[in-house]
Structure formats: C-alpha cells, structure tokens
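Chain by chain, the residues:
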Amino acid sequence: MNKIEHLGIAVKDISEATKVYTKLLGYEHYKTEVVESEAVTTRFFKCGENKLELLEAKSEDSAIAKYIEKRGEGIHHVAFAVDDIRAEVERLKGEGFRILNEEPKRGADNKWVVFVHPKSANGVLVELCQDINNNDK
Ligand code: ZN
C-alpha cells in the first residue's frame, strides 16, 4: 500500500455537504463524477496529496443509501493507492482477508478499485485503487 489515496464520506445531500466541506477546507472541489455501476454521485476535494470523496446515493438500493439508512452519514471507506491491484488482492487473500470483488472494477476518478469486506478489517471498508492507464482494458 503506497498511501491513503482518499477517504470516502457518505452524505445524504451532496450539494449541502459540498458547502460544508468547501467551508471546512477553504477551497472548492475539483471534480464531480457519477459512477452508474454503483449508483452514486461522487465529488472530490484535494487535501495535500490525499483526497476526500463525497458520496451521494442515486437510488434507494445503492450501497450508499443502505449505509446511511443503517449507520447515518459519515466515513464510509478508506482507500489506499496501490501499484499492482491484482497482486495486492492475491496477497490479501493469502492473509485471509475477504475480498468483495476480486475482479477490479472501474471506480471514480480514473481508478481500478477492489473492496475488502469491513468484517476483515475491524469494521472498516477498505478500497484498493490503482490508476487506470490508457492501455488498460
Ligand atoms: Zn472511494
């Protein structure tokens, strides 16, 4: 794992949350992106070499909607940058972690992403992310 790439924060209303985080950080977000496969709208703020990702559900059966229903708004996941996501998945499986999607999927902000079940990591949903290169399929 190279560094914490971003923290994902589940929010009910991304417009309202954007106002809060713009005030908190003292500057504006740099990107908004809809991830249709996850039924979420994401919005990114830079924070030094790390980022914050606000996540708002686009439908009731989105994982974010379910999360907020159960636990309320708050930190949803911690994302780590990796160089070789498939090698990390193999390594973590070898260590006994439960991987939610072994096949990396396209996430927001031009990343391949894999999630590790929170039960494997003391209640924290862990995301691995690797930059998508132009020659990746
Ligand atoms: Zn994320």
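Predicted model only: the values in this text are computed from it and were never measured. Per chain, residues are indexed from 1 in the order of the written sequence. Side-chain atom pairs in this predicted model are given and counted only at pLDDT of 80 or more, local residue features only at pLDDT of at least 70, and totals for whole chains, interfaces and linings cover all residues. The side-chain quantities take in all heavy atoms of the structure and omit both hydrogens and water.

A.B. asks: Honestly, the coordination of the zinc ion in this entry has me stumped. Any pointers?
C.D. replies: Geometry sets the ideal angles at a metal, namely 109.5 degrees for four tetrahedral donors and 90 or 180 degrees for six octahedral donors. Each metal site lists N, O and S donors within 2.8 Å (3.2 Å for Na, K and Ca). With water left out of the atoms, a site can look as if it is missing ligands. Here the zinc ion is held by the protein donor atoms H6 (NE2), E53 (OE), H77 (NE2) and E127 (OE), which lie 2.1 to 2.2 Å from it. One can describe the donor arrangement at the zinc ion as irregular, given that its four donor atoms subtend angles of 80 to 164° at the metal. Of note, the zinc ion draws all its donor residues from one chain, in the sequence arrangement H-x46-E-x23-H-x49-E. Of this pair, H6 sits in strand 1 (residues 3-10) while E127 sits in strand 8 (residues 126-131), placing them 121 residues apart in sequence. The rule is simple: take the accessible area with a 1.4 Å probe, protein chains only, and divide by the maximum for that residue type; under 20% is buried, over 50% is exposed, in between is partly exposed. Judged by its relative accessible area of 5%, E127 falls in the buried class. Between 85 and 135 degrees for all angles marks four donors as tetrahedral; over 155 degrees for opposite donors together with 65 to 115 for all other angles marks four donors as square planar and six as octahedral; every other arrangement is irregular. Only DSSP runs of H or I reaching four residues or more are called helices, and only runs of E reaching two or more are called strands; each is numbered from the N terminus.

A.B. asks: How should I be thinking about the nonpolar core in this particular structure?
C.D. replies: A general trend in soluble globular proteins is that nonpolar side chains are found buried together. Counting 12 residues, the largest nonpolar core is built from V82, I85, V89, L92, I99, W112, V114, V116, A121, V126, L128 and I132. Those elements giving two or more residues to this core turn out to be helix 3 (85-94), strand 7 (111-116) and strand 8. Sequence-distant contacts of I132, that is, excluding residues within four places in its chain, are made with R106, N110, K111 and W112. As used here, the term nonpolar core means buried Ala, Val, Leu, Ile, Met, Phe, Trp, Tyr and Cys residues forming a set that is joined through side-chain atoms within 4.5 Å. With nine residues, the next largest nonpolar core counts A10, F44, L55 and I68 among its residues. For this analysis, residues touch if any pair of their heavy atoms sits within 4.5 Å.

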